[in-house]
Structures are given as structure tokens and as C-alpha cells.
Amino acid sequence: MYYPDKIQAYLTHISETRSPVEDRLKRNILKYGLWLLAIPAIIYGAADRGWAAFSTAAVNPRDISYCLIALVLLLGWVCIGLAEDHLDSIALAEAELARADALAVESSCVAQQCYRLPYPYLCQIYHLLNVGHLESIHRFSLGNLKVIKISDFRKTEAGGQIRFKTMLDSPMNILRLWRNPSVEVELTIHSPHQIELKVPAYGQRFIHVLFSVMPLNDKEHYLSIQMFSDLQWPRELLKAVLIVAASLTLLEDLPYLHHLAKRNYDGLFSPRPRPQKTSQAKQLFYRYVDLYNNRWNSRQLQLLD
Ligand SMILES: [Fe+2]
């Protein structure tokens, strides 16, 4: 059936001007997604030719050579991987660089991405410390992940840490590839610019995601995402999976960040009286406000100078 209105609406939709960061995220998902999809395709081709070569009484040398070519291609494909885009560099303090170095010693840095986002720095901080948004904003990418309870909160000199239990309630959830359905995740403030998410994987291994957020001016910031892991997967395969996951979650975050930027986000960070019964999920956010509210105000003044 021919629907000219729908085709016109689709053409208008795909020709709309989008932000460079949105384009880059979609390109990442397409590029690394296709690279990942090629792996089962090559394995299927190799298995099919291998089966064809040995399924008859007379072994077919042509099918054997096709099978070997596919296996060599698969080996090269997985070992060489894809070249990463040029990354913007952001100026971090020595302690913040040391944190990344320490993680790189414990496990290896698998992937790194850096984005210039057209939203104020505080919107990103609020978003990262808001545990509840994992269920609502990331419902698609995290496959209906549920935050069951906040199990622990502790203050540190430079910030604080919460531990919260998460549950994957669907047997088809793709996150089950590397983690148990129910695990305790840690979210830690290391500095006013650095927040770490630590997710347990199978076999006492972990995936650490280190977010470094640096204000550029009062309307933009840089977000660096460094992903570390000690999982024993082929490195390029794990890199592609993590980059697709990070790009998809950030793509979902863009409308949320836009919404936060339109709110009076300065009000969120003001040390005003709080409700007596503070939600446990907000404890880490309030800790950030108590420690760093003045620092943000002085940073704004520096940018205006
Ligand atoms: Fe998010």
C-alpha cells in the first residue's frame, strides 16, 4: 500500500538537523553494531561450508577452502577490530588522572569516549547521581532493569558511595551475557568532576565505568566515559559491546538532559532545607551538594572572568 503522507513524514524526520553528538552516537551504534553482527554471519558461513564439505562421501576441497577463508577472516575481524574516532581531551586534576591510572592497573581500559554536550555541567551531575533514572530513562537499553533497594551509603572525604541492588527480571535481557540477574552496584563520587559506576560481572570480575565531567562554559560540558574491565573476553569484542551500550544509554539521556537544562537546575543544587525523611536514593546527591555547591558557584565566576 502506498502512503505518501507517511513517506513524506519519514523523509522530513530523517532530514531534520540534529546535534553533532546525536549524529555521532547513532554512527557509533551503527558502526559497532554492524561489526558485531558480522561475527555470527561469518561463523554461519564457515559452519555452512564446513558442513557442506564433509556431509558427502567425497570431500569437496572448494568448500573446505571457503570454510578456512571464513575462519581466517573471523580471526582477523575479531583481533583487529575497528579504529576509534579521534577523542577530545579534557583537563583533569592530577588526582582524577590517578584514579583512571589505578583502575587501569586493576583491570584494563577497554574503551574510552568523550563528548561535548550542549547542556550545563550540573545537569550531567544530577543525572549521574539520580539512580531512579536507570528504571525510567533507560528502560529500553537496560531491558527493564529494576533498582530493588539502596543497601548502603557512606561518606568519604571527597564524596561518598552508595550500593544498590539491581534485578534483571527478563530471561532474555542481554545484560545476562556478563552479569547475574541480581547484583549490587556501587556508585561513587571521587571528586566534583568524577563519578564511578562499578558493576559486578560473572566470576568475581567487574566492569567499571568512570565518568569525568568538565564544565566548558555555563551551557556546555565535556563528558568522558572510560570503561575498564577484567573480563576475559576478546578485547575488541568487549570494546564494541561496551561502546554500543554506552552510546545507546547516552542517546537515551539526551532528552532527559535537555529537560533538566530547562528546569531551574541551580535550585536543585541549593543547600535549602530538605524533607526530614530523605529518600535513600538521594543521599549521594545531597552529599555532593553539601560538599561542592560553593565550588560550582566559584567555577562559574572563573568562567565569566
Ligand atoms: Fe543515564
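The notes below deal with the structure included here. (Residues numbered from 1 in each chain as written. Predicted model: local features only at pLDDT ≥ 70, side-chain atom pairs only at ≥ 80, totals over all residues.)

Some details on the environment of Val289
By the element assignment, Val289 lies in helix α9 (residues 283–304). In this structure, the C-alpha to C-alpha distance between Val289 and Pro192, residues 97 residues apart in sequence, is 9.7 Å. (Helix = DSSP H or I, 4+ residues; strand = E, 2+ residues; numbered from the N terminus.)

Section: the packing of helix α2 (residues 20–54) against helix α7 (residues 235–262)
At a minimum axis distance of 9 Å, the contact between α2 and α7 shows a crossing angle of 150 degrees. Comparing the axis directions of α2 and α7 gives the class roughly antiparallel. The handedness of the crossing between α2 and α7 comes out as left-handed. Two secondary-structure elements touch here, α2 through Glu22, Leu25, Asn28, Ile29, Tyr32, Gly33, Trp35 and Leu36 and α7 through Ala240, Val241, Ile243, Val244, Ser247, Leu248, Leu250, Leu251 and Leu254. For the contact of α2 with α7, the residue count by class is 13 nonpolar, 3 polar and 1 charged. (Axes fitted to C-alpha atoms, helices over the stretch in contact; angles between N-to-C directions. Parallel < 35°, antiparallel > 145°, perpendicular 65-115°, else oblique. Left-handed = near helix turned anticlockwise from the far one by under 90°. Contact = placed C-beta atoms within 7 Å. Nonpolar A, V, L, I, M, F, W, Y, C, P; charged D, E, K, R; others polar.)

A word on the packing of α2 against helix α3 (residues 61–80)
A packed helix pair is summarised by two numbers, namely the angle formed by the two axes and the spacing between the axes. Relative to each other, α2 and α3 sit at 160 degrees, their axes nearing to 8 Å. In terms of their interaxial angle, α2 and α3 are classed as roughly antiparallel. Viewed along their axes, α2 and α3 form a crossing whose handedness is left-handed. The residues of α3 that touch α2, namely those facing Ala38, Ile39, Ile42, Ile43, Gly45, Ala46, Arg49, Gly50, Ala52 and Ala53, are Asp63, Ile64, Tyr66, Cys67, Ala70, Leu71, Leu73, Leu74, Trp77 and Val78. Its residues placed into classes, the contact of α2 with α3 shows 16 nonpolar, 2 polar and 2 charged.

All we've got here are geometric facts, nothing functional implied.
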